[in-house]
Amino acid sequence: MNRPSMNRRLFLKWANLAGLAAGLPSASAFGVAAEDAKAASHADAQATTKATSPETLLLKDYRPQSIYKIPITEVAKAKFPVIDMHSHPYAKTAAEIDEWVRNMDEVGIEKTIILTMSTGTAFDEIQRKYAKHPERFEMWCGFDFSGYDKPGFGPAAAKELERCKQAGARGVGEIHDKGQGLRSGKSKAPGMHPDDPRMDAVWDKCGELGMPISLHVADPIWMYQKMDRHNDGLMNAYEWRLDNQPNIIGLSGMVDILERTAARHRNTTFIACHFANLDYDLARLGEVLERNPNLHADIAARYAETAPIPRFAAAFYEKHADRLVYGTDMGTDKAMYRITFRILESLDEHFYEIDQFSYHWSLNGFGLSDAILQQVYHDNAARLLAARKL
Ligand SMILES: [Zn+2]
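Because the structure is predicted, anything quoted here is derived from the model rather than measured.

## Concerning the environment of Pro-89
- Relative to the helices and strands, Pro-89 is located in the loop between strand 1 (82-87) and helix 4 (94-107).
- In sequence terms Pro-89 and Phe-137 are 48 residues apart; their C-alpha atoms lie 10.0 Å from each other.
- Dropping the residues within four chain positions of it, Pro-89 is found in contact with Ile-114, Leu-115, Thr-116, Ile-126 and Tyr-130.

Next up, the structure:
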């Protein structure tokens, strides 16, 4: 789960549907009296003026449109078959799951890895729901952190992991540590980080069972920085700020923890979610990948963060093409998939996708070569999945 892009976008979508986007409930939706409706529409008008006047316009309401007469590339379908290594159980009903499969067919997603973040009956239920499409979806389970501060935690968590594997889990994820301790969905271990010796038995068991782990450490750099006029990602940063959190390990410290964990468990495969949140310092991520052969990185939900630096990002893709895997983490819409393809495949410049990504920056395509696209879209993931023991 990625807060900056996915949650907010889905929230906005919901808010639009519910008529809340303008900041006020629409009168008719709530059956209020005519007087109230009049007052509401007056407040609405005031809000609109505030949001459009250059004197009072807020950064979060800024919706620039490109002035440039330059090529616009529509990528309806990915150039090569795709394995999406980072998604979640967004579709809840059989009909929604079928619709998702149709969307995947249309845009070229061969298979989606669903990071359920759950164990026990919650995992089993998700597994059952998606069982109709075993070729199209793979379920990965979470960890059960209950009793993490008591003796016996490691063996108990390892046992539940084995049970989930029996029930159909093929990997583990998404496991989070944003600096205050490990989390798997609602199951939390405050203060226990991935390199904690208490986790040794659990990571080793993943390796033994051939289950890769999708591990999310830290969050984008702007969330740790001062919330002021110099903050480059201010709109997203302010909403998901971490600068005011107590007892938090910073981004760099979390990357060190990720490396120590990968180094201690060489027989276990780790996939660092979202470029390990080093999308702002890809050179460091390159060094981390070089030092840790059992570590990969997914590119999920960091399209807007890398598209402002297309030449540097494309060079990074070229250098580490064998270690990066495609992911989305942003719902099931066809339009969502197509934006990611446009960024990876095209050489389009200076375009905006504010509703999707919530940043005001303009984006640019990387124009990745066919060979790199094939690796990132498909081959790296296929190799990683095939290397598992059954
Ligand atoms: Zn996610």
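## A few points about a nonpolar patch on the surface
- A contiguous nonpolar patch, built from Leu-57, Leu-59 and Tyr-62 and spanning about 240 Å² of accessible area, is present on the exposed surface.
- With respect to the helices and strands, the residue Leu-59 is situated in the loop between helix 3 (34-52) and strand 1.

## Section: the pattern of salt bridges
- By the definition in use, this model includes 24 salt bridges.
- With its nearest N and O atoms 2.9 Å apart, the salt bridge here joins Arg-136 to Asp-105. You can see Arg-136 sitting in the loop between helix 5 (120-129) and strand 3 (137-140) and its partner Asp-105 sitting in helix 4, a full 31 residues away along the chain.
- On the accessibility criterion, Arg-136 (17% relative accessible area) is buried.
- In this structure, the salt-bridge partner of Glu-138 is Arg-388, at a minimum N-O distance of 2.9 Å. Of the two residues, Glu-138 is situated in strand 3 and Arg-388 in the segment after helix 15 (370-386); the sequence distance between them amounts to 250 residues.
- Accessibility expressed as a relative area gives 5% for Glu-138, which makes it buried.
- Arg-388 gets classed as buried once you look at its relative accessible area, which sits at 10%.

## What to know about the sheet that holds strand 3
- With parallel pairing, three strands are arranged side by side in an open sheet as 1-2-3. Each of the sheet's edge strands pairs with one partner strand only, and the pair in question is strand 1 and strand 3. Ignoring strand direction, the axes of neighbouring strands in this sheet form an average angle of 15 degrees.
- In the sheet, strand 2 (residues 109-115) pairs with strand 3 via four bridges, with the strands oriented parallel. Paired with Thr-112 across the strands is Phe-137, a residue of strand 3.
- Against the sheet, helix 4 makes contact with strand 1, strand 2 and strand 3, and its axis sits at roughly 135 degrees relative to strand 2, the strand it touches most.

## A closer look at the pairing of strand 6 (residues 187-190)
- Burial of the side chains of strand 6 is restricted to one face: Ser-187 and Ala-189 are buried, whereas none of Lys-188 and Pro-190 on the reverse face is.
- Examined bridge by bridge, strand 5 (residues 181-184) and strand 6 share four bridges and lie antiparallel to one another. Considered in strand 6, the bridge of Ser-184 is made with Ser-187.
- The hairpin turn running from strand 5 into strand 6, its antiparallel successor, is two residues long, and Gly-185 in that turn takes a positive phi close to 60 degrees.

## With respect to the packing of helix 4 against helix 13 (residues 334-345)
- Two elements in contact, helix 4 and helix 13, have axes separated by 10 Å at closest approach and are oriented at 30 degrees. Here helix 4 is positioned roughly parallel relative to helix 13, judged by the angle of their axes. Classified by chirality, the crossing of helix 13 by helix 4 is right-handed. Together, Trp-100, Asn-103, Met-104, Glu-106 and Val-107 of helix 4 and Lys-334, Tyr-337, Arg-338 and Phe-341 of helix 13 make up the contact between the two elements.
- Looking at side-chain class alone, the contact of helix 4 with helix 13 contains five nonpolar, one polar and three charged residues.

## Examining the side chain of Ser-187
- Inspection of the secondary structure assignment puts Ser-187 in strand 6.
- A distance of 2.8 Å separates a polar atom in the side chain of Ser-187 from the backbone nitrogen of Phe-145.
- Once you skip the residues sitting within four places of it in the chain, Ser-187 turns out to touch Phe-143, Asp-144, Phe-145, Ser-146 and Leu-182.

## As for the packing of aromatic side chains
- Considering all chains together, one arrives at 18 aromatic pairs under this definition.
- Taken together, a centroid distance of 5.5 Å and an interplanar angle of 65 degrees make the contact between Phe-143 and Trp-203 edge-to-face. Here Trp-203 lies in helix 7 (residues 200-209) and Phe-143 lies in the loop between strand 3 and helix 6 (153-166), a separation of 60 residues in the sequence.
- A ring pair is formed by Trp-222 and Trp-361, whose centres lie 5.3 Å apart and whose planes are at 55 degrees; its orientation type is tilted. Here Trp-222, found in the loop between strand 7 (213-217) and helix 8 (234-239), pairs with Trp-361, found in the loop between helix 14 (354-357) and helix 15; they are 139 residues apart in sequence, far enough to count as distant. No difference in accessibility class separates Trp-222 from Trp-361, as the two residues are buried.
- The rings of Phe-143, Phe-145, Phe-153, Trp-203 and Phe-270 are connected pair by pair, giving a single aromatic cluster.
- Against the face of Phe-351 rests Arg-342, its NZ or CZ located 3.7 Å from the ring centre.

The rules behind the values
Residues numbered from 1 in each chain as written. Predicted model: local features only at pLDDT ≥ 70, side-chain atom pairs only at ≥ 80, totals over all residues. Heavy atoms only, no water. Helix = DSSP H or I, 4+ residues; strand = E, 2+ residues; numbered from the N terminus. Contact = heavy atoms within 4.5 Å. Patch = residues over 30% accessible without salt bridge, like charges linked within 9 Å, V, L, I, M, F, W, Y side chains within 5 Å. Areas by Shrake-Rupley, 256 points an atom, 1.4 Å probe, with all protein chains shown as cover. Salt bridge = Lys/Arg side-chain N within 4 Å of Asp/Glu carboxyl O. Buried < 20%, exposed > 50% of the residue type's maximum accessible area, 1.4 Å probe, protein only. Pairing = 2+ DSSP bridges. Axes fitted to C-alpha atoms, helices over the stretch in contact; angles between N-to-C directions. Parallel < 35°, antiparallel > 145°, perpendicular 65-115°, else oblique. Left-handed = near helix turned anticlockwise from the far one by under 90°. Nonpolar A, V, L, I, M, F, W, Y, C, P; charged D, E, K, R; others polar. Polar contact = N/O pair within 3.5 Å; in protein donor to acceptor, adjacent residues only side chain to side chain. Phe/Tyr/Trp six-rings, centres within 6.5 Å; stacked < 30°, edge-to-face > 60°. Lys NZ or Arg CZ within 6 Å of the ring centre and 35° of its normal.

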